[in-house]
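Each chain, written out:
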Amino acid sequence: MSYLAKFRVWRGDSGEGALQDFEVEVNEGEVVLDVIHRLQATQTPDLAVRWNCKAGKCGSCSAEVNGMPKLMCMCRMSTFTEDETITVTPVRTFPVIRDLVTDVSYNYEKARQIPSFDGGDVKPGEFRMQQVDVERSQEFRKCIECFLCNNVCHVIRDHEENKEHFAGPRFLMRIAELEMHPADVKDRREIAQTDHGLGYCNITKCCTEVCPEHIKITDNALIPMKERVAGKKYDPVVWLGSKLGIV
Ligand code: SF4
Ligand code: F3S
Ligand code: FES
């Protein structure tokens, strides 16, 4: 069963742009990205859209569908009524290059600023990782770097000026992952707070709500990281205990 859907798509570049209305055929089982591709194929051959896997795994097709940050390839048309107008706009936190494609360099710059894993002097085979520690980092490593969490976080979504000082939930989670890794010898609490703006996060949990991998970013990464930072800052016993490895 096919029908004609009403789509309103943002067209433009970094200078200016506007929403444009289209009517596009939709077939059973399709997702928003299928419809965008049909638009390209039949009405707007120059419509810019970034995508790759069409399986929710590459993180390329992030956009805002009816104002909600989504992966277009995972957003089923069956979740909308046939008479609904579906608005597709580029993610708002990053500058538009053209149409639905944004410049996400901010994220790669933040990624580069995080010191990588440091295993100290341990030689291969000398360290045995406990299953509980494997599972903890495995949750964080499900991240597909779609940057929907960074896009939705109000700290940078509404305040461009914070970008310099705030790494966003995706990279604060990366710092937390390394901090909680039992074989990483670096103390990452100071850089989380001072260089990457952990203190800006006021636990609104919007990042967790939009994560397509259902990673509990706030509860399992950001809050534990805040607790570690607070422990280091305000509690000398906790600080000493952590140094001795007893807390
Ligand atoms: Fe996307 Fe989730 Fe990774 Fe954020 S944590 S970049 S929302 S997969
Ligand atoms: Fe932003 Fe997530 Fe914190 S949305 S404010 S990083 S809980
Ligand atoms: Fe790869 Fe959507 S195209 S996540």
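Structure: above.
Now for a look at the structure at hand. (Residues numbered from 1 in each chain as written. Chains lettered and ligands numbered in written order. Predicted model: local features only at pLDDT ≥ 70, side-chain atom pairs only at ≥ 80, totals over all residues. Heavy atoms only, no water.)

**Details of the overall build of the chain**
Regarding its fold elements, the chain presents 10 helices and seven strands. Along the longest, intermediate and shortest principal axes, the C-alpha atoms of the chain span 65 × 40 × 30 Å. Sorting the 247 residues of the chain into buried and exposed places 46% on the buried side. Put simply, of all contacts in the chain between residues at least 6 apart along the chain, 62% involve residues at least 24 apart. Surface accessibility of the chain: about 13,200 Å² in total, with carbon and sulfur atoms responsible for 50%. (Helix = DSSP H or I, 4+ residues; strand = E, 2+ residues; numbered from the N terminus. Buried < 20%, exposed > 50% of the residue type's maximum accessible area, 1.4 Å probe, protein only. Contact = heavy atoms within 4.5 Å. Areas by Shrake-Rupley, 256 points an atom, 1.4 Å probe, with all protein chains shown as cover.)

**Quick word on the packing of aromatic side chains**
Summed over all chains, the structure comprises four aromatic pairs. Ring geometry for Tyr108 versus Phe147: centroids 5.6 Å apart, planes at 90 degrees, classification edge-to-face. You can see Tyr108 sitting in helix 2 (residues 105-113) and its partner Phe147 sitting in the loop between helix 3 (131-140) and helix 4 (148-152), a full 39 residues away along the chain. Given a relative accessible area of 4%, Phe147 falls into the buried group. Note on Phe147 and Phe171: the rings are 6.1 Å apart at their centroids and 40 degrees apart in plane angle, and the pair reads as tilted. (Phe/Tyr/Trp six-rings, centres within 6.5 Å; stacked < 30°, edge-to-face > 60°.)

**Regarding the site of ligand 1**
Residues in close proximity to ligand 1 include Cys143, Ile144, Glu145, Cys146, Phe147, Cys149, Arg170, Met173, Cys211, Pro212 and Ile217, which together make up its full environment. Taken together, the residues that form the shell around ligand 1 break down as nine nonpolar, no polar and two charged. (Near = heavy atom within 4 Å. Nonpolar A, V, L, I, M, F, W, Y, C, P; charged D, E, K, R; others polar.)

**Overview of the site of ligand 2**
Cys153, His154, Pro169, Cys201, Asn202, Ile203, Thr204, Lys205, Cys206, Cys207, Thr218 and Leu222 make up every residue found near ligand 2. Elements with a contribution of two residues or more to the shell around ligand 2: helix 8 (206-210) and helix 9 (217-234). Among the residues forming the shell around ligand 2, the class breakdown is seven nonpolar, four polar and one charged.

**Focus on the pattern of salt bridges**
One pass over the structure, following the stated rule, counts 19 salt bridges. Across the pair Lys205 and Asp219 runs a salt bridge, and its minimum N-O distance is 2.8 Å. Of this pair, Lys205 sits in the loop between helix 7 (189-194) and helix 8 while Asp219 sits in helix 9, and the two are 14 residues apart along the sequence. A relative accessible area of 37% means that Asp219 is categorised as partly exposed. (Salt bridge = Lys/Arg side-chain N within 4 Å of Asp/Glu carboxyl O.)

**Structural notes on the packing of helix 3 against helix 6 (residues 168-180)**
One way to put it is that helix 3 packs onto helix 6 with a least axis distance of 10 Å and a crossing angle of 170 degrees. Overall, the two elements helix 3 and helix 6 adopt an arrangement that is roughly antiparallel. Counted together, Arg136, Ser137 and Phe140 of helix 3 and Met173, Glu177 and Met180 of helix 6 form the full contact between these two elements. Residues that form the contact of helix 3 with helix 6 fall into these classes: three nonpolar, one polar and two charged. (Axes fitted to C-alpha atoms, helices over the stretch in contact; angles between N-to-C directions. Parallel < 35°, antiparallel > 145°, perpendicular 65-115°, else oblique.)

**Thoughts on the nonpolar core**
Membership of the largest hydrophobic core comes to 63 residues, with the highest contact counts inside it found for Phe7, Val32, Ile36, Met72, Met77 and Val88. With seven residues, the top contributor of residues to this core is helix 6. The residues contacting Phe7, other than those within four sequence positions of it, are Gln20, Asp21, Phe22, Val24, Val32, Val35, Ile36, Met77, Ile86 and Val88. (Core = buried A, V, L, I, M, F, W, Y, C linked by side-chain atoms within 4.5 Å.)

**Considering the environment of Met129**
Among the structural elements, Met129 can be located in the loop between helix 2 and helix 3. Met129 gets classed as partly exposed once you look at its relative accessible area, which sits at 28%. In contact with Met129, other than residues within four places in its own chain, are Val134, Ser137, His181 and Pro182.

**A look at helix 3**
When we look at burial in helix 3, the residues that qualify are Asp133, Ser137, Glu139 and Phe140. For helix 3, the arc enclosing every buried residue in end-on projection is 150 degrees, short of the 170-degree limit, so these residues lie on one face. (Arc of directions from axis to C-beta.)

**Description of the side chain of Glu64**
By the element assignment, Glu64 lies in strand 3 (residues 62-65). Classification of Glu64 as buried rests on a relative accessible area of 4%. Filtering out sequence-adjacent residues up to four positions away, Glu64 remains in contact with Pro69, Thr87, Val88, Thr89, Pro90, Val91, Arg92, Asn151 and Arg157.

**Considering the pairing of strand 2 (residues 17-26)**
Each regular strand displays side chains that alternate between the two surfaces of the sheet. In terms of strand pairing, strand 1 (residues 3-12) meets strand 2 through 10 bridges, oriented antiparallel. Bridge pairing links Phe7 to Phe22 in strand 2. Counting the residues that bridge the hairpin from strand 1 to strand 2 gives four residues. (Pairing = 2+ DSSP bridges.)

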